[in-house]
Amino acid sequence: MSASTPAPVTVIGLGPMGAAMVEAFLERGHEVTVWNRTPARAEPLVARGARLAESIEAALGTNELVILSLTDYDAMDALLKPVAGALTGRTVVNLSSDTPERTREGARWVTAAGAEFLAGGVTTPPSGIGAPERTYTFYSGPRDAFDRHRDTLGVLTRPDYRGEDPGLAALMYQIGMTMFWTSMLSYWQAIALADAHGLKAADVLSHARETFASLDMFTPFYAERIDAGNHEGDVDRLAMGTASVEHVLHTMKDAGVDTTLPQAVVDLFRRGMAEGGAADSFSGLVELMKAGK
């Protein structure tokens, strides 16, 4: 195959993410073989040029590069373990979400079955697939396998290789999800408060966007200090932060909205106070989190 010829690829799992991947490959001229537990999901993709394999064994046997887009690693086990013999000589790229340790476990099993294994953590929803200029995916596993398939994977998003340990891609992905879900819940909390006062989400949208954007000033500042173990109260103090988050909690209670999230925040701040950190920066709370206190 010439360097200019797009490599053929197999995609297993045709939910919204898997379907978006197939579409991106087809648009770039790749031959794509697909398989899904519910064959009807493949029909629109077959109409666009994908080839539907008759069985998962046939899907695995068609191409050297196999991409999985499944719910989690349990789904991978359920599909691949009964046909483990078909994995020999394949490169399996699992773009499904799971924990770092579960990813390492899956990597060991696939490797023992005779395939190379790359783990991936996709940081974009399906709408961002096919736009590598603005989206990226973490990868980890054998460097030579990554380098061999970098161009093909780059059709989907910008590949960001993190190292040989297969759990690293999952770790980076979960770090992002930790921030995403909590941040979005804080937005829902703000909308609930606004609604209790007769305001619509649109009424607070610009304020919400500006607030989220302002976090970019704080993250690099605190990252440097945290890595240096510096939690001095020269810029902020936990005591003042505790007063602020308690004001948030009381505002929520007065409005009659759910207080689960702000109460959890207040509880964490109060634990920091109980540990003697009142005069220190609220960044000291990260030490409580590290210790699991």
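Not measured: the values here are computed from a predicted model.

**Remarks on the pattern of salt bridges**
Link 1 in the chain: Across all of its chains, the model carries 17 salt bridges by this definition.
Link 2 in the chain: A salt bridge links Arg 102 to Asp 74; the nearest nitrogen and oxygen atoms lie 3.0 Å apart. Of the two residues, Arg 102 is situated in helix α5 (residues 100-112) and Asp 74 in helix α4 (residues 73-80); the sequence distance between them amounts to 28 residues.
Link 3 in the chain: Two residues, Glu 105 and Arg 102, come together in a salt bridge whose shortest N-O distance is 3.7 Å. Placement of the pair is Glu 105 and Arg 102 together in helix α5, with a separation of three residues, close to one helical turn.
Link 4 in the chain: Linked by salt bridges that have partners in common, Asp 74, Asp 77, Lys 81, Arg 102 and Glu 105 make up one network.

**Examining a nonpolar patch on the surface**
Link 1 in the chain: Taken together, Phe 212, Leu 215, Met 217 and Phe 218 make up a surface patch of nonpolar side chains, about 390 Å² in accessible area.
Link 2 in the chain: Relative to the elements of secondary structure, Phe 218 occurs in helix α8 (residues 201-227).
Link 3 in the chain: By relative accessible area, Phe 218 is classed as partly exposed at 41%.

**Details of the layout of surface pockets**
Which parts of space are left empty comes out when a probe the size of a water molecule is rolled across the atoms.
Link 1 in the chain: Put simply, the second largest pocket is a space of about 710 Å³.
Link 2 in the chain: Forming the boundary of the second largest pocket are 34 residues, of which Met 17, Ser 69, Leu 70, Thr 71 and Leu 95 lie nearest the centre.
Link 3 in the chain: Mapped onto the lining of the second largest pocket, the elements with two or more residues apiece are α1 (16-27), α4, β6 (116-122) and α7 (167-196).

**Observations concerning the side chain of Thr 33**
Link 1 in the chain: Position of Thr 33 relative to the elements: it lies in strand β2 (residues 32-35).
Link 2 in the chain: With residues near it in sequence (within four places) discarded, Thr 33 still touches Val 9, Thr 10, Val 11, Arg 51, Ala 53, Ala 59, Thr 62 and Asn 63.

**Concerning the pairing of strand β5 (residues 91-94)**
Link 1 in the chain: The side-chain alternation of β5 yields two buried faces, one formed by Thr 91 and Val 93 and the other by Val 92 and Asn 94.
Link 2 in the chain: Sheet topology note: the strand β4 (residues 65-68)/β5 ladder contains four bridges and is parallel. For Ile 67, the partnering residue across the bridge sits in β5 and is Val 93.
Link 3 in the chain: At this point the chain moves from β4, through α4, to the parallel β5, and the crossover so formed is right-handed.
Link 4 in the chain: The pairing of β5 with β6 spans four bridges and is classified as parallel. Bridge assignment links Asn 94 to a residue of β6, and that residue is Ala 119.
Link 5 in the chain: In this fold, the crossover linking β5 to β6 by way of α5 has right-handed handedness.

**Some thoughts on the packing of α7 against helix α9 (residues 238-255)**
Two quantities define a packed helix pair, namely the angle between the axes and the distance from one axis to the other.
Link 1 in the chain: In the contact formed by α7 and α9, the axes pass within 9 Å of each other and the chain directions differ by 45°. Between α7 and α9, the angle is such that the two are oblique. Considering how the two elements wind past one another, α7 and α9 form a crossing that is left-handed. Seen from α7, the contacting residues are Gln 189, Leu 193 and Ala 196; seen from α9, they are Thr 251, Met 252 and Ala 255.
Link 2 in the chain: Class assignment of the residues belonging to the contact of α7 with α9 gives a composition of four nonpolar, two polar and no charged.

Definitions and cut-offs
Residues numbered from 1 in each chain as written. Predicted model: local features only at pLDDT ≥ 70, side-chain atom pairs only at ≥ 80, totals over all residues. Heavy atoms only, no water. Salt bridge = Lys/Arg side-chain N within 4 Å of Asp/Glu carboxyl O. Helix = DSSP H or I, 4+ residues; strand = E, 2+ residues; numbered from the N terminus. Patch = residues over 30% accessible without salt bridge, like charges linked within 9 Å, V, L, I, M, F, W, Y side chains within 5 Å. Areas by Shrake-Rupley, 256 points an atom, 1.4 Å probe, with all protein chains shown as cover. Buried < 20%, exposed > 50% of the residue type's maximum accessible area, 1.4 Å probe, protein only. 1 Å grid on protein atoms, 1.4 Å probe; cavity = no way out; pocket = protein on both sides within 12 Å on 5 of 7 lines; lining within 4 Å. Points joined across faces, edges and corners; volume = space filled by probe spheres on them. Contact = heavy atoms within 4.5 Å. Pairing = 2+ DSSP bridges. Right-handed = clockwise from strand over helix to strand, strands pointing away. Axes fitted to C-alpha atoms, helices over the stretch in contact; angles between N-to-C directions. Parallel < 35°, antiparallel > 145°, perpendicular 65-115°, else oblique. Left-handed = near helix turned anticlockwise from the far one by under 90°. Nonpolar A, V, L, I, M, F, W, Y, C, P; charged D, E, K, R; others polar.

Shape descriptors only; they carry no functional weight alone.
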